[in-house]
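# Residue-level structural notes
Listed below, chain by chain, are the residues.
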Amino acid sequence: MSSSPLSPAAWLRGSRRPTWLSDPKVLRTEVLAGLVVALALIPEAISFSVIAGVDPAIGLFASFTMAVTIAIVGGRPAMISAATGAVALVIAPLNREHGFGYLVAAVILAGVIQIVLGALGVAKLMRFVPRSVMVGFVNSLAILIFMAQVPEMTDVPWPVYPLIAAGLALMVFFPKVTKVIPAPLVSIVILTVTTVAAGIAVPTVGDKGKLPSSLPVPGLPDVPFTLDTLTTVAPYALAMALVGLMESLMTAKLVDDITDTHSSKSRESVGQGIANIVTGFFGGMGGCAMIGQTMINVRVSGARTRLSTFLAGAFLMVLCVVFGPVVSDIPMAVLVAVMVMVSVGTFDWHSIAPKTLKRMPAGEITVMLITVACVVATHNLAIGVVVGSITAMVVFAKRVAHLAEVTAVTDPDGTSVIYRVTGELFFASSNDLVGRFDYARDPDKVVIDLSAAHIWDASSVAALDAIETKYAQRGKTVRITGLNEPSARIHDTLSGELSGHH
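So, a few notes on the structure that sits alongside this text. Computed from a predicted structure; not experimentally measured.

### Overview of the overall build of the protein chain
- Per the secondary structure count, the protein chain includes 20 helices and six strands.
- The burial tally for the protein chain puts 52% of its 502 residues in the buried class.
- In the protein chain, of all internal contacts separated by at least 6 residues, the share reaching a separation of at least 24 is 83%.
- Approximately 22700 Å² of the protein chain is accessible, and the part contributed by carbon and sulfur atoms is 66%.

Here is the structure:
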């Protein structure tokens, strides 16, 4: 067992022995964090099941198998993966139109696609997500987490409001007394006991749906294994794979920043795929990393290892199967208070401070706002991240497009002119380069000095070819000098080959 790459000895990124085995304090933190996350997972998993149009047990099974599997094969310790709203939204139409068997088949295929994407190194694309998009992603997540609690606070009995207030107060002030036991766990226990003992009638976890009474059993999806089935599920599987990977990799990056540690994004991608395949074979609805539960685990409870993720899944099943009646009595108000605290803790308040906004370039603020607006409008984190990243590219392209400067110096005898080009030449900056030359009045010899410039793409070579052509039409010669080695290479390779009028 110890030689296996997935053995417990390998759990903590190369350490010979997991820290929780040798440090009782770490063990206590991880166990209590796992318990808090498991309690917070139950209503979320049930509500995501409702979105996907499946039985509540399906979402709970998915959360159990995702968390337990990813704890062993994932790349980011302490990150929680379970059934999520983003995945539920993607696969809900498939379940509605074709039935549950097709949904399970899509989950398994999505897992295969994620493994392939992980092996191809798609995780490396994360480096192209700008900081302003990351900030927008985090802030929109905080808003979505809060918005998801609003239905639990409207059209409810009046005792719900004092319960939420009491839950928030406990979570704010209890850590000042001791941090040994996570404040969310304390507020869940105290307020559940209070409502049950006093017979206060408020919505509870049990009102969300019936909890499962037995463990899931593995099996194959109930679909015909034909090409027709594959073409039906493939588009949904691809969408689920991409949305799940994007959310998972963004969350992993966020946890890296919070914990000041590095994690393998390729391993995380493959791990998400394996977890979804396992979940599919156990009849679950699939999932990905959960930002809210991860924040409870890492930021609120202080967990740092894979043990908390594993225990979150294990405790979830124990709570449902063994302590179902007790868990059913937990007031939704307490879990709303927990998620409101997570929302407040997740939001990057520094990003909207007047002092920050004054110093930040307008383009960066725009990218952040567009990311937030897209996510909040669509309830889809992937759309927000893609639109935000494209906006950031446009802003960047516009900014560097003005970096190419052209200055002309004519020889005193008037026989030649030297144009000195300074800056980065690529598709955005080279477009207006052609208009910077005086073709009609320049002398017969033209020198274009590129020693202070760099050619990045074919657009720049095409622009230089166009300049030479315009001078040649007037019987004038052009000499290009000063090219650095990479620029010379791309110019020599492409010059004269781009026009199509040979």
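### Here we look at the side chain of Ser 308
- Within the fold, Ser 308 resides in helix 12 (residues 306-321).
- Among the polar contacts listed, one links the side chain of Ser 308 to the backbone oxygen of Thr 305, at a separation of 2.9 Å.
- Sequence-distant contacts of Ser 308, defined by excluding residues within four places in its chain, comprise Glu 30, Ala 33, Gly 34, Ala 78, Asn 297 and Ala 303.

### Some thoughts on a nonpolar patch on the surface
- Taken together, the side chains of Val 318, Val 322, Phe 323 and Val 326 make up a nonpolar region of the molecular surface, amounting to roughly 350 Å² of accessible area.
- Structurally, Val 326 is set in helix 13 (residues 324-328).

### Here's the deal with the sheet that holds strand 4 (residues 416-425)
- If you trace the four strands from one edge of the open sheet to the other, you get 3-4-5-6, paired in mixed fashion. The open sheet terminates on both sides in strands that have one partner only, identified here as strand 3 (405-410) and strand 6 (477-481). Going from strand to strand, the sheet's axes swing by 20 degrees on average, the running direction of each strand aside.
- Here nine bridges tie strand 4 to strand 5 (residues 445-455), and the two strands are oriented parallel to one another. Directly across from Gly 423, in strand 5, lies its bridge partner Ala 453.
- Packing against the sheet, helix 19 (residues 458-473) makes contact with strand 4, strand 5 and strand 6, and its axis sits at approximately 175 degrees to strand 5.

### Brief notes about the packing of aromatic side chains
- One pass over the full model with this rule turns up six aromatic pairs.
- Taking 4.5 Å as the distance between ring centres and 45 degrees as the angle between the ring planes, the aromatic pair formed by Phe 347 and Trp 349 counts as tilted.
- Note on Tyr 439 and Tyr 471: the rings are 4.8 Å apart at their centroids and 55 degrees apart in plane angle, and the pair reads as tilted. Remark: Tyr 471 occurs in helix 19 and Tyr 439 occurs in the loop between helix 18 (427-430) and strand 5; sequence separation between them is 32 residues.

### So, helix 12
- Counted at 1.5 Å a residue, the expected span for helix 12 with its 16 residues is 22 Å, and the 23 Å between its end C-alpha atoms agrees.
- Of all the residues in helix 12, the buried ones are Arg 306, Leu 307, Ser 308, Thr 309, Leu 311, Ala 312, Gly 313, Leu 316, Met 317, Leu 319 and Cys 320.
- Regarding helix 12, its N-cap is Thr 305, as a side-chain oxygen of that residue lies 3.2 Å from the backbone nitrogen of Leu 307 further along.

### Quick word on the side chain of Ser 487
- Looking at the element boundaries, Ser 487 is found in helix 20 (residues 485-494).
- Using a relative accessible area of 1% as the deciding quantity, one classes Ser 487 as buried.
- When residues no more than four places from it in sequence are discounted, the contact partners of Ser 487 are Ala 453, His 454 and Ile 455.

About the thresholds
Residues numbered from 1 in each chain as written. Predicted model: local features only at pLDDT ≥ 70, side-chain atom pairs only at ≥ 80, totals over all residues. Heavy atoms only, no water. Helix = DSSP H or I, 4+ residues; strand = E, 2+ residues; numbered from the N terminus. Buried < 20%, exposed > 50% of the residue type's maximum accessible area, 1.4 Å probe, protein only. Contact = heavy atoms within 4.5 Å. Areas by Shrake-Rupley, 256 points an atom, 1.4 Å probe, with all protein chains shown as cover. Polar contact = N/O pair within 3.5 Å; in protein donor to acceptor, adjacent residues only side chain to side chain. Patch = residues over 30% accessible without salt bridge, like charges linked within 9 Å, V, L, I, M, F, W, Y side chains within 5 Å. Salt bridge = Lys/Arg side-chain N within 4 Å of Asp/Glu carboxyl O. Pairing = 2+ DSSP bridges. Axes fitted to C-alpha atoms, helices over the stretch in contact; angles between N-to-C directions. Phe/Tyr/Trp six-rings, centres within 6.5 Å; stacked < 30°, edge-to-face > 60°. Expected span 1.5 Å × (residues − 1).

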